Amino acid sequence: MRKFVVHSQFEPAGDQVQAIEKLADGFFRGDKYQTLKGVTGSGKTFTMAKIIEAVQRPTLIISHNKTLSAQLYREFKSFFPENAVEYFVSYYDYYQPEAYVPARDLYIEKDASINKEIDKLRLAATYALMERRDVIIVATVSCIYGLGMPDLYKEMRVHIEKGAFLNIKEFAAKLVSVQYERNDMVLERGNFRIKGDTIEIFPPYMETDQAYRVQLDFDEISKIRRFNVITGDVIEDLDELQLYPAKHFVVPKDMLDLATERILSEMNERVEELNAKGKILEAQRLKTRTTYDVEMMKEMGYCSGIENYSGPISGRQRGMPPATLLHYFPDDFLCLIDEAHVTVPQIGAMYEGDRSRKQNLIDFGFRLPSALDNRPLKADEFTAKMNQVIYVTATPRKEEVKQSSQVVEQLIRPTGLLDPIIEVRPTEGQMQDIYCEVKERIERKERSLILTLTKKMAEDLTDYLSELNLKAKYIHSEIDTFERVEILKSLRSGEIDVLIGINLLREGIDLPEVSFIAILDADKIGFLRSTTSLIQIIGRAARNAEGKVVMYADRMSDAMKEAIDETKRRRAIQEAYNREHNITPKTISKAVEDILVRERIDAEENAGVEIGVLEKATNMFDDKQRRKYIESLKKQMEECAEHLDYEQAAFYRDKIIELQNKYGK
């Protein structure tokens, strides 16, 4: 096995050294769960990299959204250039799941747009796990969703050797059976072409534009070469070649034939059951749809929505967990869960949301009961599959702390920067006070953030400050992703002096130019002003040596007190360390660059789709239906709040308020 080696101009500093040692020792002791509690800017990512280097195990890093996953992927790519660092996230650019709304007899067909580039990276991830051990996979929670079976994926690979006999027709048939397509004109990913005695294959999992060329001397393989698809230059001569399937869901024909028998058997049982209940329409609908899908599978080896038959195809017993990315890892792997306070609850919530949608489809004859087996892992199934886990977060939940054999704190920033000073000021005269603070920062060429409770307040405050000749902008869920990029870049470059929003934590970025944060209505009770939220907001000002946070409130809430006490405790430890090592805090200096990764569908757009479906199914003038609809929105809001996805939670809350204002409480 090629060893993991971190390449960096920096060495561990501050309390990174003790964190790496303690957590690596815990891993070798066999500790199932540990927690790295690191403050913002303490270099948790570098610590994670050094832990991987210390334990030398295949590693899965799970993050809660694509933006942060992409950021981690880039960083680990730079830390481990000699090792396989791969990226595994949902490959949908757009995804509208199949659904049925009984109240309006509304069937919504699955509609999706697959990103081929991400699909390539997903295949590269499983390919790397099959071929080597020095592998790091950076993933979102999509890693707990069903994937092709690893044993079958490995078993169906096509193996050839130099000097062996090869029948071109049989070889082409094998490639087609593992989902490659023949195209003799253009060589693209997932395709192969045949020119006389030369076969060229372009596996979809190749990260760069590289393919394989197999040359025959009569029927004997004379050369196997890896070459550049664009230039045609030969990169390497090989003695043998393993070609893995072009898709994760691959099934041999004999297994598919058995699966169709199981599907038809289940269909007949279910049709009888529905007829016995007097559900004639549902029974006929199910029979028609399923029979068509089975015919497609027999003829084409595939059908639309084949994932709904993954249980019968794999031969799993009802209720058994599906194969996922986790099943591709060896048993001794390490799992690092980034931002665990958000990611762990999100993992736990995936199953129930998926099941409730599918149950409607089953009840009304759109899907067989076995469709429930095409699902994400349950929380306990995820836990059972884990070998050893390190939670990485600045604000661990009680659940993570209770599970962990040790909680290792990382409070010292390599730059010597301290947690910011916090002041509590009355709400009376707060606008004038904020204006003075922002003007002071402008003179020092620094930036400011203001956090409000509603979108309307953010917009109104932006107008107010703009009238006072301040360069202010707001950012919230209705701002397009690309516009967010430009706004955040403008803030860093100085085109904007102050940025206003409900929650500026979701961006997953560092803003070292920000030295002042104003938190309005800091004493309000709710998810936007919880202890965890306040601590994370405070951390945004910890990238600047002059960092200062002002909470505007008329009383001291419990959340405020806890956040202030924790910040003071950390600051005292940091000051003592700086004095002992004669360190002068220095503001982080980073180039102004693209600070968000493209996400075509962000959380708010998903919320908008869900609300649109629910609204179509609801008669707003019917009190009972409207109350049920509002309760559904409240549930969604609470789930988002629990995951600290505050802007999406605020989106639901604003919708609830709008409905109550329009129709009455």
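Residue positions are given per chain, counting from 1 as you read along its sequence in written order. Confidence filtering applies because this is a predicted model: local features only for residues at pLDDT of at least 70, side-chain atom pairs given and counted only at 80 or more, and all residues used for totals across whole chains, interfaces and linings. Just so you know, side-chain values use all the structure's heavy atoms and leave hydrogens and water out.

Structural notes on the overall build of the protein chain
Along the backbone of the protein chain there are 20 helices and 25 strands. Exposure categories follow from relative accessible area, calculated using a 1.4 Å probe and restricted to protein chains: below 20% of the type maximum is buried, above 50% is exposed, and the middle band is partly exposed. Sorting the 665 residues of the protein chain into buried and exposed places 53% on the buried side. Put simply, of all contacts in the protein chain between residues at least 6 apart along the chain, 75% involve residues at least 24 apart. Using the Shrake-Rupley algorithm and a 1.4 Å probe, accessible areas are obtained, with residue cover drawn only from the displayed protein chains. Carbon and sulfur atoms make up 49% of the accessible area of the protein chain, which amounts to about 30,400 Å² in all. Numbering goes from the N terminus for both helices and strands, where a helix is a DSSP run of H or I of at least four residues and a strand is a run of E of at least two. Residues are treated as being in contact if the distance between any of their heavy atoms lies within 4.5 Å.

Concerning the pattern of salt bridges
Here, a salt bridge means any Lys or Arg side-chain nitrogen found within 4 Å of an Asp or Glu carboxyl oxygen. Overall, the coordinates contain 42 salt bridges when judged by the stated rule. Between arginine 29 and aspartate 31 there is a salt bridge, with its nearest N and O atoms 2.7 Å apart. In this structure, the salt-bridge partner of glutamate 409 is lysine 37, at a minimum N-O distance of 3.7 Å. Here the residue glutamate 409 occupies a position in strand E19 (residues 407–410), and lysine 37 occupies one in strand E1 (residues 33–38), the gap between them amounting to 372 residues. The exposure class assigned to glutamate 409 is partly exposed, which follows from its relative accessible area of 26%. In the salt-bridge network here, residues are joined through shared partners; they are Glu423, Arg425, Asp433, Glu437, Arg441 and Lys548.

Brief notes about the sheet that holds strand E18 (residues 388–393)
DSSP bridges decide pairing: two strands pair if at least two such bridges lie between them. Pairing in this open sheet of 7 strands is parallel, and the strands run E3-E8-E2-E17-E18-E1-E19 from one edge to the other. Both edges of this open sheet fall to strand E3 (84–88) and E19, since each of them pairs with a single strand only. The mean angle between the axes of side-by-side strands here comes to 20 degrees, regardless of whether they run parallel or antiparallel. In this analysis, axes come from line fits to C-alpha atoms, helices being fitted only over the stretch in contact, and the angle between any two N-to-C directions falls in the range 0 to 180 degrees.

Let's talk about the pairing of E1
Strand residues, when the strand is regular, have side chains that alternate between the two faces of the sheet. Within E1, 6 of the 6 residues are buried, which leaves the element mostly enclosed by the surrounding structure. Going residue by residue along E1, you find Tyr33, Thr35 and Lys37 tucked away on one face and Gln34, Leu36 and Gly38 tucked away on the opposite face as well. In the sheet, E1 pairs with E19 via 4 bridges, with the strands oriented parallel. Looking at the pairing, glycine 38 lines up with glutamine 410 of E19.

Examining the packing of aromatic side chains
Note on aromatic pairs: each is described by the distance of the centres and the angle between the planes. Between the rings of Phe, Tyr and Trp (Trp by its six-membered ring), a pair exists once the centres lie within 6.5 Å; its type follows the angle of the planes, with under 30 degrees stacked, over 60 edge-to-face, and the other angles tilted. All chains considered together, the criterion is met by 16 aromatic pairs. Here phenylalanine 76 and phenylalanine 80 contribute two aromatic rings whose centre-to-centre distance is 6.4 Å and whose plane-to-plane angle is 0 degrees, an arrangement assigned as stacked. Taken as a pair, phenylalanine 76 and phenylalanine 80 share a single burial class, namely buried. Seen in terms of ring centroids, tyrosine 153 and tyrosine 328 are 5.9 Å apart; in terms of plane orientation they differ by 70 degrees. Their pairing is edge-to-face. Taken as a pair, tyrosine 153 in helix H5 (residues 150–155) and tyrosine 328 in the loop between helix H9 (310–314) and strand E17 (334–338) lie far apart in primary sequence, 175 residues in all. Taken individually, tyrosine 153 and tyrosine 328 each receive the classification buried, so the pair is uniform in this respect. Here the aromatic residues Phe4, Phe46, Phe76, Phe79 and Phe80 are joined through ring pairs into a cluster of three or more. For a ring to carry a charge above it, either NZ of a lysine or CZ of an arginine must fall within 6 Å of the ring centroid while also lying within 35 degrees of the normal to the ring plane. It is arginine 213 that lies over the ring of phenylalanine 227; its NZ or CZ is 4.0 Å from the centre.

Brief notes about the nonpolar core
Among buried residues, those of type Ala, Val, Leu, Ile, Met, Phe, Trp, Tyr and Cys that are joined through side-chain atoms within 4.5 Å constitute a nonpolar core. If you look at the biggest cluster of nonpolar residues, it comprises 65 residues, and the most contacted ones within it are Leu60, Ile137 and Leu325. No other element matches the 6 residues that helix H4 (residues 116–131) contributes to this core. Counting residues in hydrophobic clusters, the runner-up holds 34 residues, among them Tyr87, Ile136, Val138 and Ile390.

Considering empty space enclosed by the protein
A pocket here means an open set of points on a 1 Å grid, computed over the protein atoms alone, that has protein on both sides within 12 Å along at least five of seven lines. A cavity is instead a set of points where a 1.4 Å probe fits but cannot get out; residues with an atom within 4 Å of a point line either one. Grid points are joined across faces, edges and corners, and a volume is the space filled by probe spheres set on the points. Tallied over the entire structure, the rule returns 2 cavities of 30 Å³ or more. Empty space within the largest cavity amounts to approximately 80 Å³. If you go around the largest cavity, you meet 13 residues; those closest to its centre are Thr40, Asp419, Ile535, Gly539 and Arg570. For the lining of the largest cavity, the elements supplying multiple residues, two or more each, are helix H16 (531–539) and helix H17 (558–581).

Here we look at the sheet that holds strand E21 (residues 447–451)
Taken in spatial order, the 6 strands of this open sheet run E20-E25-E24-E21-E23-E22, and their pairing is parallel. Two strands close off the open sheet at either side, each with one partner strand: strand E20 (421–425) and strand E22 (472–475). Direction aside, the axes of adjacent strands within the sheet are offset by 20 degrees on average. Both E22 and strand E23 (residues 498–501) contribute to a ladder of 4 bridges, which runs parallel. If you follow isoleucine 475 over to E23, its bridge partner there is glycine 501.

With respect to H17
Expected span of a helix, by definition, is 1.5 Å for each gap between consecutive residues, and there is one gap fewer than residues. Here H17 spans 35 Å end to end across 24 residues, near enough to the 34 Å set by a 1.5 Å rise per residue. By the burial criterion, the buried members of H17 are Ala559, Met560, Ala563, Ile564, Glu566, Thr567, Arg570, Gln574 and Asn578. For H17, the secondary structure elements touched by its buried residues are E1, E20, H16 and strand E25 (548–552). Of the residues flanking the end of H17, it is asparagine 582, one or two places downstream, whose phi is positive at about 55 degrees.

What about the layout of surface pockets?
Considered as a void within the structure, the second largest pocket measures approximately 740 Å³ in volume. Taken together, 35 residues make up the lining of the second largest pocket; nearest its centre are Gln179, Val250, Val251, Leu256 and Gly301. Elements represented by at least two residues in the lining of the second largest pocket include exactly helix H6 (168–177), helix H7 (253–276), helix H8 (280–300) and H9. For the lining of the second largest pocket, the element with the highest residue contribution is H8, accounting for 4 residues. We call Asp, Glu, Lys and Arg charged. Ala, Val, Leu, Ile, Met, Phe, Trp, Tyr, Cys and Pro are nonpolar, and the rest, Gly among them, are polar. A breakdown of the residues in the lining of the second largest pocket according to their chemical character gives 18 nonpolar, 9 polar and 8 charged.

Digging into the confidence of the model for the protein chain
Per-residue confidence for the protein chain gives a mean pLDDT of 86, with 89% of residues at or over 70. On a range of 0 to 100, pLDDT expresses the predictor's confidence in each residue. Within the protein chain, the element-level pLDDT minimum falls on helix H18 (residues 603–616), averaging 52, and the maximum on strand E2 (residues 59–62), averaging 97. A low-confidence stretch, residues 591–606 stays under pLDDT 50, and its non-local contacts, those more than four residues away or across chains, total 43 contacts.

Details of a negative patch on the surface
Together, Asp197, Asp217, Asp219 and Glu220 make up a negatively charged patch on the protein surface. If you trace the backbone, aspartate 197 turns up in the loop between strand E11 (191–195) and strand E12 (198–202). Judged by its relative accessible area of 40%, aspartate 197 is partly exposed. Residues with no salt bridge and a relative accessible area higher than 30% make up the patches, which join like charges within 9 Å and nonpolar side chains (Val, Leu, Ile, Met, Phe, Trp, Tyr) within 5 Å. Residues scored as charged are limited to Lys and Arg (positive) and Asp and Glu (negative), so that His and the chain ends carry no count. For charged residues, the charge sits on one atom: NZ in Lys, CZ in Arg, CG in Asp, CD in Glu.

Overview of the environment of lysine 473
By secondary structure assignment, the location of lysine 473 is in strand E22. The partly exposed category is assigned to lysine 473, whose relative accessible area is 40%. A sequence separation of 28 residues divides lysine 473 from glycine 501, and the C-alpha atoms of the two residues are 8.7 Å apart. Other than its neighbours up to four places away in sequence, lysine 473 contacts Thr462, Ile487, Ile496, Val498, Leu499 and Ile500.

A look at helix H14 (residues 455–467)
Taking 1.5 Å per residue, 13 residues should reach 18 Å; H14 reaches 19 Å between its end C-alpha atoms and fits that length. Taken residue by residue, H14 has Lys455, Ala458, Leu461, Thr462 and Leu465 as its buried positions. Projection of H14 onto a plane perpendicular to its axis shows the buried side chains occupying an angular sector of 130 degrees, all on one side. In H14, the exposed positions that point more than 90 degrees away from the buried face belong to Lys456 and Glu467. Backbone geometry just after H14 places asparagine 469 at a positive phi near 65 degrees. Throughout, the arc means that of the directions going from the helix axis to the C-beta atoms.

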